[in-house]
Amino acid sequence: MKDKSESHEGGCLCGAIRYTLHGEPTYSGHCHCRSCQKAIGAGFVTWAGIKPENFEMTQGEITICETSPGVRRGFCGRCGSSLTYAGDDWTDIAVTAATLDDPGVARPTSNVYLDHQQSWVIIDDGLRKYEKLP
Ligand SMILES: [Zn+2]
Ligand SMILES: [Zn+2]
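Residues numbered from 1 in each chain as written. Chains lettered and ligands numbered in written order. Predicted model: local features only at pLDDT ≥ 70, side-chain atom pairs only at ≥ 80, totals over all residues.

## Thoughts on the overall build of the chain
Link 1 in the chain: The helix and strand tally for the chain stands at one helix and 11 strands.
Link 2 in the chain: Computed over its C-alpha atoms, the radius of gyration of the chain comes to 14 Å, within 12% of the 14 Å expected for a compact globule of 134 residues.
Link 3 in the chain: In terms of overall dimensions, the chain has a C-alpha envelope of 40 × 30 × 25 Å along the principal axes.
Link 4 in the chain: Counting all 134 residues of the chain, 33% fall into the buried class.
Link 5 in the chain: Contacts in the chain between residues far apart in sequence, at least 24 positions, make up 55% of those at least 6 positions apart. (Helix = DSSP H or I, 4+ residues; strand = E, 2+ residues; numbered from the N terminus. Rg over C-alpha atoms; globule rule 2.2 N^0.38 Å. Buried ≥ 20, exposed ≤ 12 C-beta atoms within 10 Å, placed from the backbone. Contact = placed C-beta atoms within 7 Å.)

## Some details on the environment of C12
Link 1 in the chain: By secondary structure assignment, the location of C12 is in the loop between β1 (7-11) and β2 (18-22).
Link 2 in the chain: Its 23 C-beta neighbours within 10 Å are what place C12 among the buried residues.
Link 3 in the chain: Sequence separation of C12 and G80 is 68 residues, and the distance between their C-alpha atoms is 8.0 Å.
Link 4 in the chain: Among all residues touching C12, those that are not within four sequence positions of it are I17, C76, C79, S81, L83 and T99.

## Points about the sheet that holds strand β5 (residues 55-59)
Link 1 in the chain: The strand order across the open sheet formed by three strands is β1-β2-β5, and the pairing between neighbours is antiparallel. In this open sheet, the two edge strands, each paired with only one partner strand, are β1 and β5. Recorded for the sheet is a direction-independent mean angle of 25° between the axes of neighbouring strands.
Link 2 in the chain: Alignment of β2 against β5, held across four bridges, turns out to be antiparallel. Opposite T20, over in β5, you have E56 as the bridge partner. (Pairing = 2+ DSSP bridges. Axes fitted to C-alpha atoms, helices over the stretch in contact; angles between N-to-C directions.)

Written as structure tokens, this is what we have:
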């Protein structure tokens, strides 16, 4: 059932795609894995989790690419903004926290895949650390 508490909107850079998260993100964390680095084109990506029933597309259509077996990354086919991550063995959808209109609502609490961390990425030592997924 859809979470009726506060909702948070977001979207891609060009504005073609808009989405709404119903309720608060289930988690937020920086992923340093090589796949995310390649997919986003950055040193790491901050993901915010949401239950599928609380993720609503309100405008446009996300382009999905199966980047590895069972892993579907979603992006805007027009401007290329990375938007979502879904995996066969994942209960939640992950949304790129920075595409929220107010990324402040998805303050990260952890770092994962630190074994792939780039040496020039400086992380907050106060956050939980995981070499791989916890
Ligand atoms: Zn776009
Ligand atoms: Zn990753």
